[in-house]
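Architecture and fold: a report
Here is what each chain is made of, one letter per residue.
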Amino acid sequence: MTRILDGRALAARVRARVAAEVAELRARTGRVPGLRVLLLGEHPASLAYVRTKERMAREVGIDGRVERLPSDTTEAALLARLAELDADPAVDGILVQLPLPAHIDTARVLAAIAPGKDVDGFHPLNAGRLAQLAGPPPEDLLVPCTPRGCLLLLEEALGSLEALRGRRALVLGRSTIVGRPMAALLLAHDATVTIAHSRTRELAAECRRAEILVAAVGRPELVRGDWIAPGAVVIDVGINRIPTTDGGSRLVGDVAFAEALGRAAAITPVPGGVGPMTVACLLDNTLRACRARLAGGR
Ligand code: GUN
C-alpha cells in the first residue's frame, strides 16, 4: 500500500501554527509581519499564485499585499521599488514572482533584495549559507519555500528528519528555485545526494537506486512507475497542465502517479502535495524574518 502524503492537511497545520505565533507576536509587540509580493506583467499562472499567497497571508494575520507592475517596467524602476521596500520598517518579507520578463536581469534583481527580507531565500548570501550548512538550517536562515515544504513532507513520510541519514536521495532537476536548494537541504541532513538533470545518462536506472526521489523538472509524468524503487518515498514538485480529450485540461506532476501507486512507500499527489506546502513555508519565512528583525532592533 502506498501512502498518499496529504500536503493540504500538513500545510494547514503549518499555517495554524504560524497564525498562533503571529497572534502572540502581535499581542506582545504590536507588530504584524508584512509581506510584499511583486508581480510584473500578466502571466496567468503567476497571477493565480500571487493571489493565493496574499489570501493565505491574510488568513494567518500577516499583512500580505500583491504589488502589480506593468510588464514593461524597467529594471531600474524595479530596483528602485525594492530599495523603498527595503527601507520600509513595516515590510519584513519581499518576494519577486518569477519568471521575470526577458528584459530584466533576474540575478541582479534577486541580489538587490535585502538578505533579511528575502523570504524566497534566493539572495546569493542566503543561497551560499544554505550551500555551506554543516547540519540542519539555523532559525535565522531563510530557506527557499518549496524545498522546505518538501523536507517537511519527507519528515512526515519518514517519521523524523534523522531518518534521512545515509539514505540515497535523488533530486531530479537542478534549478536554483528547487533542485539545488533541495539537494543542499538533503545533504545538510546527511542523505547521500545525487542531482540528475536533462543531460544525465541512464536516468531511469539512477531513479531506481533512490530511496528518496524528489522530482522537479517540469516534464509531465516523466518518471514512470518502473523507475521507482519498491519502498521509495517520492516527492513530486511538478505542476504541469496537460490537455484532455474532452478539450479541457488537467494538472499532472513529473511522476506518473497511478503507476507509482503500489510501488512507492509514499508519494505526494498533484495537486494537493507540494504546492500548498510552498505557500505555508513562505508565511513561516515571513514570520521568521519579522522576528529576526525585531530581535535585531530593525
Ligand atoms: N515562481 C515559481 N516558484 C517560485 C518561487 O518559489 N518564488 C518565486 N519568487 N517565484 C516562483
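Preceding this section is the structure that the text describes.
Just so it is clear, the model here is predicted, and its values are computed rather than measured.

A short note on the pattern of salt bridges
By the definition in use, this model includes 23 salt bridges. As a salt-bridge pair, Asp-92 and Arg-31 come within 2.7 Å of each other at their nearest N and O atoms. Within this pair, whereas Asp-92 is found in the loop between helix H3 (75-87) and strand S4 (93-96), its partner Arg-31 is found in the loop between helix H1 (7-29) and strand S2 (34-40), the two being separated by 61 residues in sequence. Under the relative-accessibility criterion, Asp-92 is labelled buried at 0%. The salt bridge involving Arg-55 is made with Glu-59; its shortest N-O contact spans 3.6 Å. Taken together, the positions of Arg-55 and Glu-59, both in helix H2 (residues 44-59) and four residues apart, correspond to about one turn of that helix.

A short note on the sheet that holds strand S5 (residues 168-172)
The six strands are arranged S1-S11-S8-S7-S5-S6 in an open sheet whose pairing can be described as parallel. In this open sheet, the two edge strands, each paired with only one partner strand, are strand S1 (3-4) and strand S6 (192-196). Judged from the two bridges that link them, S1 and strand S11 (residues 266-267) form a sheet pairing that is parallel. The residue bridging Arg-3 from the neighbouring strand is Ala-266, located in S11. Its contacts with the sheet place helix H6 (residues 145-158) against S1, strand S7 (212-215), strand S8 (233-236) and S11, and it is angled at close to 155° to S8.

A look at the site of the ligand
Neighbouring the ligand are Leu-95, Val-96, Gln-97, Leu-98, Asp-120, Phe-122 and Ile-177. In the environment of the ligand, a nitrogen atom lies 2.8 Å from a nitrogen or oxygen atom belonging to the backbone of Val-96. Between Leu-98 and the ligand, the recorded distance is 3.0 Å, taken from a backbone N or O atom to a nitrogen atom. Taking 280 Å² as the accessible area of the ligand by itself, protein coverage stands at 81%. For the shell around the ligand, a count of residues per class yields five nonpolar, one polar and one charged.

Some remarks on H3
In an α-helix, one turn spans 3.6 residues, which is why side chains three or four residues apart end up on the same side. For H3, with 13 residues, the first-to-last C-alpha span of 19 Å sits near the 18 Å given by 1.5 Å per residue. For H3, the complete set of buried residues consists of Glu-75, Leu-78, Leu-82 and Leu-85. Along the long axis of H3, the arc covered by the buried residues comes to 85°, so they all point the same way. Seen from the buried face of H3, the exposed residues on the opposite side, beyond 90 degrees, are Ala-76 and Ala-87. Tucked inside the fold, the buried residues of H3 contact S2, strand S3 (63-69), S4 and helix H4 (106-111).

Thresholds applied
Residues numbered from 1 in each chain as written. Predicted model: local features only at pLDDT ≥ 70, side-chain atom pairs only at ≥ 80, totals over all residues. Heavy atoms only, no water. Salt bridge = Lys/Arg side-chain N within 4 Å of Asp/Glu carboxyl O. Helix = DSSP H or I, 4+ residues; strand = E, 2+ residues; numbered from the N terminus. Buried < 20%, exposed > 50% of the residue type's maximum accessible area, 1.4 Å probe, protein only. Pairing = 2+ DSSP bridges. Contact = heavy atoms within 4.5 Å. Axes fitted to C-alpha atoms, helices over the stretch in contact; angles between N-to-C directions. Near = heavy atom within 4 Å. Polar contact = N/O pair within 3.5 Å; in protein donor to acceptor, adjacent residues only side chain to side chain. Areas by Shrake-Rupley, 256 points an atom, 1.4 Å probe, with all protein chains shown as cover. Nonpolar A, V, L, I, M, F, W, Y, C, P; charged D, E, K, R; others polar. Expected span 1.5 Å × (residues − 1). Arc of directions from axis to C-beta.

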